[in-house]
Amino acid sequence: MSGSNSTQKEQPIFTIADLNLMENELAKGEEYITYRLRGGGFLKRKNPCFGQGPSNPGQGSISGSIEHFNGVSFADEQVLEQVTAKGRQALFSPFVVEMWTRSGPQISKADADLEMQTVIKEWEASEQCRNLIKTLESTIVPNITKIISFGPGSIAGVQPATRRRQQKEHALILTVRRVLEERIGFGVSIPIYAQEIRYTDVCKKVLRELGIQPIDCFGLRGFTMIDDETLVMSHNLPIPIRQIVADIARPAAMYWKPEVPEADYSKPPDMYDADKDSSRTRKMMLEYDHVRIIGSSLSRFPYKDLGNRLKDSNEVFFNSTLYIRKPGN
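Everything numeric here is computed off the predicted structure, so don't read it as measured data. (Residues numbered from 1 in each chain as written. Predicted model: local features only at pLDDT ≥ 70, side-chain atom pairs only at ≥ 80, totals over all residues. Heavy atoms only, no water.)

### Quick notes on the sheet that holds strand S8 (residues 230–234)
One open sheet accounts for seven strands, arranged S7-S6-S5-S8-S9-S11-S10; its pairing is mixed. A single partner strand is all that each edge strand has here, and the edge strands are strand S7 (212–214) and strand S10 (288–291). On average, each strand axis in the sheet is inclined to that of its neighbour by 20 degrees, with strand direction left out of account. (Pairing = 2+ DSSP bridges. Helix = DSSP H or I, 4+ residues; strand = E, 2+ residues; numbered from the N terminus. Axes fitted to C-alpha atoms, helices over the stretch in contact; angles between N-to-C directions.)

### Some remarks on the layout of surface pockets
Estimated volume of the largest pocket: approximately 1,100 Å³. If you go around the largest pocket, you meet 44 residues; those closest to its centre are Gly151, Gln166, His235, Asn236 and Leu237. Looking at the lining of the largest pocket, the elements with two or more residues in it are strand S3 (66–74), strand S4 (95–103) and helix H6 (160–184). With six residues, H6 is the largest single contributor of residues to the lining of the largest pocket. Here the residues of the lining of the largest pocket sort into 18 nonpolar, 14 polar and twelve charged. (1 Å grid on protein atoms, 1.4 Å probe; cavity = no way out; pocket = protein on both sides within 12 Å on 5 of 7 lines; lining within 4 Å. Points joined across faces, edges and corners; volume = space filled by probe spheres on them. Nonpolar A, V, L, I, M, F, W, Y, C, P; charged D, E, K, R; others polar.)

### Some details on unusual backbone geometry
If you check the backbone angles, phenylalanine 186 has positive phi at about 60 degrees while not being a glycine. In this structure, phenylalanine 186 sits in the loop between H6 and strand S6 (192–195). One non-glycine residue, asparagine 236, lies in the positive phi region at around 60 degrees. By secondary structure assignment, the location of asparagine 236 is in the loop between S8 and helix H9 (241–248). Accessibility expressed as a relative area gives 42% for asparagine 236, which makes it partly exposed. (Buried < 20%, exposed > 50% of the residue type's maximum accessible area, 1.4 Å probe, protein only.)

### Here we look at helix H2 (residues 16–28)
Taking 1.5 Å of rise per residue, 13 residues should cover 18 Å, and H2 covers 19 Å from first to last C-alpha, within 8% of that figure. Residues of H2 that are buried: Asp18, Leu19, Met22, Glu23, Glu25 and Leu26. Looking down the long axis of H2, one finds its buried residues gathered within 160 degrees of arc, a one-sided arrangement. As for H2, its buried residues are in contact with strand S1 (32–36), S3, S4, helix H8 (221–224) and H9. (Expected span 1.5 Å × (residues − 1). Arc of directions from axis to C-beta. Contact = heavy atoms within 4.5 Å.)

Below is the structure:
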């Protein structure tokens, strides 16, 4: 391999500068969006939602309405390898902007408040919650000064069964914060930020009152907020979040998809096909210890052993596990 090709391979796919650039391009709402290419050049493409400006990254304010918006898909290391094999790596961009849709709120704020309080009480009384608390209390964690959740789902803009699962995701995040704050003591408050492109206005109002701050963005800004004192949380998010984080940060801890042994990677099924293991994620994970959540299916069975893992269909952390940065890293 030539020195030039080796440098290209080691060059990060995702950078803070490019994430900010794309957020800013989308916020302009102009007719064309500028993409920075891997080879250093720029490319302009038609804005699929021309006219959407900075005041509207995720409103969904009309009950039952359907809204079109700019959604960002991510190209990962595997895509880069494919274009490199064709000699087109200089034209590679990790972002693809497409027209997506989302629904407005399906319930009122009062109903969303009531549903969230009910779900929180049920979750906190559950064995799964107790097991999560035991896991956190028995684990030595680095200093954590903020929590960023990616894609926890809408708590007011989807149908009841899906809404309930996503409300429970938020209840879990609140539990994690409470346990971490109690361990630190001294009245310390850990902020929670949540990046979810399908939040409605109702979602945002309810969550702010619970102490969860929605990140108003087009799906990229939250990544630029990660530092070495962040707990990153993600569950069933259909993007290569681990590859993104591997390029831009080394968080204190992560709650997300488990690393799959390389020998098992090609075995079906992969419920997280968009969040693939890669050379970058494997290198990053050498710096972390895997902490199995007590009682979880992933503490007893491999990730791809769905036959056993699906026996508990109500498991809130079904596809996610915990990683803590090793001392000295």
